Amino acid sequence: MDALLCSAPGTLEVVQRPTAIRAPGEVLVRPRRVGICGTDYHIYEGKHPFLAYPRVMGHELAVEVVDGGDSDFSAGEIVVVNPYISCGMCIACRRGKPNCCTQIAVLGVHRDGGMTGQLSLSPENLVRAEGLSVDACATVEFLAIGAHAVRRAALRPIDRVLVIGAGPIGFGAILFATISGASVTVLDRDAERVAVAADIFNVAGTILADDSAAAKVAAVTDGDGFDVVFDATGNQASIETGFDYVAHGGRYVLVSVVKGDISFSDADFHRKEMTVLGSRNATAVDFEQVIAAIVAGHVPINRLVTHRTTLAGAVTDLPRWASQKSGLIKAIIEIA
């Protein structure tokens, strides 16, 4: 079967791999759509902190069941993949947080993922998505990241929220923050992305991340700062600047991850009695919330999926989209 292999940073090729067979107790599936994530761009660029090469990428998956085995999944059924494979026994798993399992293996990151012809997966990692299109199924995982971050923040309708980073993960945070009833402002250095966010979502305002950004944050919050700030940029400087935008008593949710250390003023942190929260991956609850939101018509799938390619086309398209972001929200690989 064909597989798109990232053999080293900056190197992609379609290779032939032995066709996958169903492992005992698992379900054999065929990827139909694979969303290209910021993680995949980082893997290609050699910027991901948790990865060993070579790697078949792909964790935003809409798959068709080929052989359900002893599970209750039927051949031909289109389902969503929860790509977070947890041990079920560690402290995090025992506390109901398999998304940060100490031994977590994420498809396409820690083990080979869905940019290929077939996969054998545990039925526990398959999520039914009745009523969703194949394209919609491929958006569930990245939107679940934002849904999980918003759930971590415990938003209230009275909260004023700032989402920094108007990419796909930021869009997920914007979407579920607005669904919660909070007032949401979007900040990004790309004027086009800010404009797109304002066009798609019901946001209170937008701020361009330029030299006047801090003054604009102060102006729209009467000098208070935001009750909750989400950073979804994957940029160290942005994460460090975001501390300045949090109100006294506020929460700062770090959705993105960077390789290096981040630093902040301890005095300012304590003066504000700020809460800093890490948000990693998503749980089954978040997947179900996203599916329900799509079914309810709250998610403009046709606005989010902007680019398409094939496994062979991704050899050139993925590197190009890693640097040329104009008009790009979510690209998906179609596998026939």
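Residues numbered from 1 in each chain as written. Predicted model: local features only at pLDDT ≥ 70, side-chain atom pairs only at ≥ 80, totals over all residues. Heavy atoms only, no water.

Draft legend 1. A look at the overall build of the protein chain. Along the backbone of the protein chain there are 11 helices and 18 strands. In terms of its C-alpha atoms, the protein chain occupies a principal-axis envelope of roughly 60 × 40 × 35 Å. Within the protein chain, counting contacts between residues at least 6 apart in sequence, those at least 24 apart form 68% of the total. When the accessible surface of the protein chain is totalled, it reaches about 14100 Å², and 50% of it is carbon and sulfur. The averaged location of the 37 negative side-chain charges in the protein chain is 2 Å from the averaged location of its 29 positive side-chain charges. (Helix = DSSP H or I, 4+ residues; strand = E, 2+ residues; numbered from the N terminus. Contact = heavy atoms within 4.5 Å. Areas by Shrake-Rupley, 256 points an atom, 1.4 Å probe, with all protein chains shown as cover. Lys, Arg positive; Asp, Glu negative; His and termini not counted. Charge placed at Lys NZ, Arg CZ, Asp CG, Glu CD.)

Draft legend 2. Local environment of the pairing of strand S15 (residues 246–254). Burial within S15 is extensive, with 7 of its 9 residues counted as buried. As paired elements, strand S14 (residues 226–231) and S15 share 5 bridges and run parallel to each other. What sits directly across from Phe230, in S15, is Val253. As for the winding sense of the linkage, the β-α-β connection from S14 through helix H7 (residues 236–242) to S15 is right-handed. Relative to strand S16 (residues 275–278), S15 runs parallel, the two being bridged by 4 bridges. The partner of Leu254 across the bridge, within S16, is Gly278. Considered for its hand, the β-α-β crossover made up of S15, helix H8 (residues 266–272) and S16 is right-handed. (Buried < 20%, exposed > 50% of the residue type's maximum accessible area, 1.4 Å probe, protein only. Pairing = 2+ DSSP bridges. Right-handed = clockwise from strand over helix to strand, strands pointing away.)

Draft legend 3. Focus on the pattern of salt bridges. Taken as a whole and assessed by the stated rule, the structure comprises 21 salt bridges. Residue Arg156 is joined to Asp159 by a salt bridge in which the shortest nitrogen-to-oxygen separation is 2.8 Å. A salt bridge links Arg320 to Asp317; the nearest nitrogen and oxygen atoms lie 2.4 Å apart. Residue Arg320 and its partner Asp317 are both found in helix H11 (residues 311–323); the two are separated by 3 residues, about one turn of the helix. With relative accessibility at 36%, the residue Arg320 sits in the partly exposed group. (Salt bridge = Lys/Arg side-chain N within 4 Å of Asp/Glu carboxyl O.)

Draft legend 4. A look at the sheet that holds strand S13 (residues 205–208). The strand order S13-S12-S11-S14-S15-S16 describes an open sheet built from 6 strands, whose pairing is parallel. Single-partner strands in this sheet number two, and they are S13 and S16. Pairwise comparison of adjacent strand axes, ignoring direction, gives a mean angle of 20° for this sheet. (Axes fitted to C-alpha atoms, helices over the stretch in contact; angles between N-to-C directions.)

Draft legend 5. Representation of helix H4 (residues 168–179) in the model. Taking 1.5 Å as the rise per residue, H4 with 12 residues should run 16 Å; its terminal C-alpha atoms sit 17 Å apart, in good agreement. In terms of burial, H4 is a largely internal element, 9 of the 12 residues being buried. All buried positions along H4 are accounted for by Pro168, Gly170, Phe171, Gly172, Ala173, Ile174, Leu175, Phe176 and Ala177. Positioned one or two residues after H4, Gly181 has a phi angle of 100°, which is positive. (Expected span 1.5 Å × (residues − 1).)

Draft legend 6. View of the environment of Pro168. By secondary structure assignment, the location of Pro168 is in helix H4. Taking relative accessible area as the criterion, Pro168 reaches 18% and is therefore assigned buried.

Draft legend 7. Local environment of the packing of aromatic side chains. Here the structure, examined in full by the defined rule, presents 5 aromatic pairs. Judged by centre distance (4.6 Å) and plane angle (15°), the rings of Phe243 and Phe264 are stacked. Of this pair, Phe243 sits in the loop between H7 and S15 while Phe264 sits in the loop between S15 and H8, placing them 21 residues apart in sequence. Here Phe243 falls in the buried class, since its relative accessible area comes to 4%. Judged by its relative accessible area of 39%, Phe264 is partly exposed. Between Lys325 and the ring centre of Tyr41, over which it is positioned, the NZ or CZ distance is 3.8 Å. (Phe/Tyr/Trp six-rings, centres within 6.5 Å; stacked < 30°, edge-to-face > 60°. Lys NZ or Arg CZ within 6 Å of the ring centre and 35° of its normal.)

Draft legend 8. Representation of the pairing of strand S18 (residues 330–334) within the structure. Within S18, 4 of the 5 residues are buried, which leaves the element mostly enclosed by the surrounding structure. In this structure, strand S3 (residues 27–36) lies alongside S18, joined through 4 bridges in antiparallel fashion. Along S18, the bridge assignment pairs Gly35 with Ile332. Two elements, strand S17 (residues 305–309) and S18, share 4 bridges in a ladder whose sense is parallel. Bridge pairing in S18 links Thr309 to Ile333. In terms of handedness, the path from S17 via H11 over to S18 forms a crossover that is right-handed.

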